[in-house]
Amino acid sequence: MEERRENGPAMTDRRSVIPAPTNPMVNPLLTDLYQYTMAYAYWKAGKHNERAVFDLFFRRSPFSGEYTVFAGLEECIRFIANFKFTAEDIDFLRSALPGRCEEGFLDYLRLVDCSEVEVYAIPEGSVVFPKVPLIRVEGPVAVAQLLETTLVNLVNYASLVATNAARHRRVAGNSKTLLEFGLRRAQGPDGGMSASRYCYMGGFDATSNVAAGSLFGIPVKGTHSHAFVSSFMSPDEIVEKSLRSADGLTTCDDFVSLVQSWLSKIQRTRLSIGGFGETNLSELAAFTSYALAFPDDFLALVDTYDVLRSGIPNFCAVALALRDLGYKATGIRLDSGDLAYLSCEARRFFQAIEKDFGVPGFGKTSITASNDLNEETLDHLNKQGHEIDAFGIGTYLVTCYSQPALGCVFKLVEINNQPRMKLSEDVSKVSIPCKKRCYRLYGKEGYALVDLMIGENEPAPKVGERILCRHPFNESKRAYVVPQRVEELLKCFWRGSTGKYREELLPLKDVRARCMKQLEQMRPDHMRRLNPTPYKVSVSAKLYDFIHFLWLNEAPVGELQ
């Protein structure tokens, strides 16, 4: 297959070379057919090179909330930077376009790239709000339309799952470890990879997805399954029983016997929380075998048979044997049952071990919980009281079970310097016309107060100067704001051939850090899970007047008979 040309417009600074999209399926054919039929009609009418401005935005924040985390920008820029048709693409389009497509149009497509396109966007990882443009695309109208579907696709799920992750982080609290375990339940390989990437951006600490760890540098975490535990029948199956101490100076020749001696000690000692009977020895064999393989990272799944009567005592026996050799066990994972109750009982057991055997720090052994957790479950656990240190979350997180789509749109707002506006009987679907500049205004306490859109040629808001902020469509909703800090939101991320300064794409860990900082800058009542206070998105007085002037001019006047 013919290779796609790197970065359409020529790049003289090698630092500016942008790699191809992560998924090779993201190419000019990844779009809806009507983008090509429109492009052909533009070309036939001689309009294809008319300068147009499109805004990509969403109309409502997901999950009944008031905020969204913007994600997917890097992949959008990668797509734009490498937008070029191959010979195979052209051959397919010749057969796919309805009717007889003139060869001249295909010749035009052969030369199309994004050298005449400029892209302005809010930095990835930012907290964003409805109607404010996330991405503004300026360029030839036909080329901009060919970008539409792909850009919307790359932003929609990425922003949705990053927002879902941020909401889980907010409910769990910053002190808890969040692990993304969703690969097996995600919508295909690309859904799994995207979920791992954008959940990390939204505040998760690690993923079980090994490929995502390799590709994106996300920390990878995992332990073993119930199958591993149930695959053992007895400790006699363990052939290699020796384990070298953590300092490498000594070797325990029979680690299995050391574990069994510790289990006997625990059984003979009347712990502060009471005693217990016989444990499942096949489970003990599995834990011992896993500890022999990973003495530095021993985390046991303790609910295969019975958490309190078997799993936790068996774990403690192995953990104490490891401690004799200078290792520290990581902890346990609970994957079923009453997680709040079991975590509290496990904590009591660990604290009893610390007290009765004089093992400093054992009472703080980490407890991880999984089992179809979601935002609501985390909230219930907080209200019930629990001792869980880490949560492994999968299905409800990566599938965005409570809302499957964000609903981004891509609307024409200007062509040939003439503002354009989409009208609708549903006011929420009326677009805000013209090329705009967007600002976030902050108050005295450091929280964001309002996002303000102004016309391109209006003076920017200034710190300490009072400005009238108006709801785009409701004339009674207006307020004066005296900002203590002003942040311009849209930055240039693709300069085409203009030579303008372009923002660099940051590493994923830096985008994650931006997201965490942005979430902290939002007022808590805007961020709460239930009944959040609506965040204000406004326009300047001048833009408000222009919107309604254009609205009246464009809307047909009815006639009563």
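Residues numbered from 1 in each chain as written. Predicted model: local features only at pLDDT ≥ 70, side-chain atom pairs only at ≥ 80, totals over all residues. Heavy atoms only, no water.

Participant: Explain empty space enclosed by the protein here, please?
Facilitator: Unfilled space is identified by rolling a water-sized probe across the atoms. If you walk through the whole model with that rule in mind, you get one cavity of 30 Å³ or more. Each pocket or cavity is described by its volume, and for the largest cavity that value is around 40 Å³. In terms of lining, the largest cavity is formed by Asp55, Phe57, Lys131, Pro133, Val430, Ser431, Ile432 and Lys436. Its residues placed into classes, the lining of the largest cavity shows four nonpolar, one polar and three charged. (1 Å grid on protein atoms, 1.4 Å probe; cavity = no way out; pocket = protein on both sides within 12 Å on 5 of 7 lines; lining within 4 Å. Points joined across faces, edges and corners; volume = space filled by probe spheres on them. Nonpolar A, V, L, I, M, F, W, Y, C, P; charged D, E, K, R; others polar.)

Participant: So what exactly am I meant to see when it comes to the sheet that holds strand E11 (residues 331-334) here?
Facilitator: Within a sheet, adjacent strands bond to each other through the backbone by hydrogen bonds, running parallel or antiparallel. The six strands are arranged E7-E6-E13-E12-E11-E10 in an open sheet whose pairing can be described as parallel. Edge positions in the open sheet fall to strand E7 (206-207) and strand E10 (299-301), since each of these has one partner strand only. Relative to strand E13 (residues 390-393), strand E6 (residues 177-180) is paired through four bridges, and the arrangement is parallel. Within E13, the position partnered with Glu180 by the bridge is Ile393. (Pairing = 2+ DSSP bridges. Helix = DSSP H or I, 4+ residues; strand = E, 2+ residues; numbered from the N terminus.)

Participant: How should the sheet that holds strand E16 (residues 436-442) be read in this particular structure?
Facilitator: In spatial order, the strands read E19-E18-E22-E17-E16-E20; together these six strands make up an open sheet with mixed pairing. Edge positions in the sheet fall to strand E19 (478-481) and strand E20 (485-488), since each has one partner strand and no second. Across the sheet, the mean angle from the axis of one strand to that of its neighbour is 35°, orientation sign disregarded. The pairing of strand E17 (residues 448-455) with strand E22 (residues 536-540) spans four bridges and is parallel. Bridge assignment links Leu452 to a residue of E22, and that residue is Ser538. (Axes fitted to C-alpha atoms, helices over the stretch in contact; angles between N-to-C directions.)

Participant: Any chance you could explain the environment of Ala448 here in plain terms?
Facilitator: Among the structural elements, Ala448 can be located in strand E17. For Ala448, a relative accessible area of 0% puts it in the buried group. Along the primary structure Ala448 and Ala142 are separated by 306 residues, whereas in three dimensions their C-alpha atoms are 37 Å apart. Setting aside anything within four residues of it in sequence, one finds Ala448 in contact with Arg440, Leu441, Tyr442, Gln521, Met522 and Tyr535. (Buried < 20%, exposed > 50% of the residue type's maximum accessible area, 1.4 Å probe, protein only. Contact = heavy atoms within 4.5 Å.)

Participant: Explanation requested: the layout of surface pockets in the structure shown.
Facilitator: Approximately 850 Å³ is the volume found for the largest pocket. Within the residue set of the lining of the largest pocket, elements represented by two or more residues are E17, strand E18 (467-470), E19 and E22. Looking at side-chain class alone, the lining of the largest pocket contains 13 nonpolar, six polar and eleven charged residues. Taken as a whole, the second largest pocket encloses approximately 580 Å³ of empty space. In terms of lining, the second largest pocket is formed by 22 residues, of which the most central are Phe181, Arg184, Arg333, Asp335 and Ser370. When its residues are assigned to classes, the lining of the second largest pocket shows five nonpolar, eleven polar and six charged.

Participant: Explanation requested: unusual backbone geometry in the structure shown.
Facilitator: Note: most residues except glycine have negative phi, and most peptide bonds are trans. One non-glycine residue, Lys131, adopts positive backbone phi at about 75°. Inspection of the secondary structure assignment puts Lys131 in the loop between strand E4 (127-128) and strand E5 (135-140).

Participant: For this particular structure, what's the right way to read the UniProt feature "domain: Nicotinate phosphoribosyltransferase C-terminal" (unreviewed entry) in the chain?
Facilitator: The UniProt record annotates "domain: Nicotinate phosphoribosyltransferase C-terminal" (unreviewed entry) at residues 435-546. Between the end C-alpha atoms of residues 435-546 there is a gap of 12 Å, over a span that is 21% helix and 32% strand. (UniProt positions renumbered as here; feature names shortened; annotations may be inferred.)

Participant: Which parts of the structure should I look at to understand the environment of Val409?
Facilitator: As for its placement among the helices and strands, Val409 is situated in strand E14 (residues 408-415). Expressed as a C-alpha distance, the spacing of Val409 and Asp55, which sit 354 residues apart in the sequence, is 8.0 Å. Those residues in contact with Val409, other than ones at most four positions away along the chain, are Asp55, Leu56, Phe57, Arg59 and Val152.

Participant: Explanation requested: the confidence of the model for the chain in the structure shown.
Facilitator: For the chain, per-residue confidence averages 94 on the pLDDT scale, and residues scoring 70 or more make up 96% of the total. Segment residues 8-15 is flagged for pLDDT under 50; beyond a separation of four residues in sequence, or across chains, it makes 13 contacts in the model. (pLDDT = per-residue confidence, 0-100.)

Participant: Sorry, what's going on with the packing of aromatic side chains here?
Facilitator: What characterises a pair of aromatic rings is the spacing of the ring centres plus the angle enclosed by the ring planes. Applying the stated criterion to the full structure yields 20 aromatic pairs. Arranged with centres 5.5 Å apart and planes meeting at 15°, the rings of Phe298 and Phe315 form a pair that is stacked. Of this pair, Phe298 sits in the loop between helix H10 (281-293) and E10 while Phe315 sits in helix H11 (residues 307-324); the two residues are 17 residues apart in sequence, bridging distant segments of the chain. For Phe298, a relative accessible area of 0% gives the class buried. Judged by relative accessible area, which is 0%, Phe315 ranks as buried. Each member of the aromatic cluster is reached from another via a ring pair, and the members are Phe287, Phe298, Phe315, Phe350 and Phe362. (Phe/Tyr/Trp six-rings, centres within 6.5 Å; stacked < 30°, edge-to-face > 60°.)

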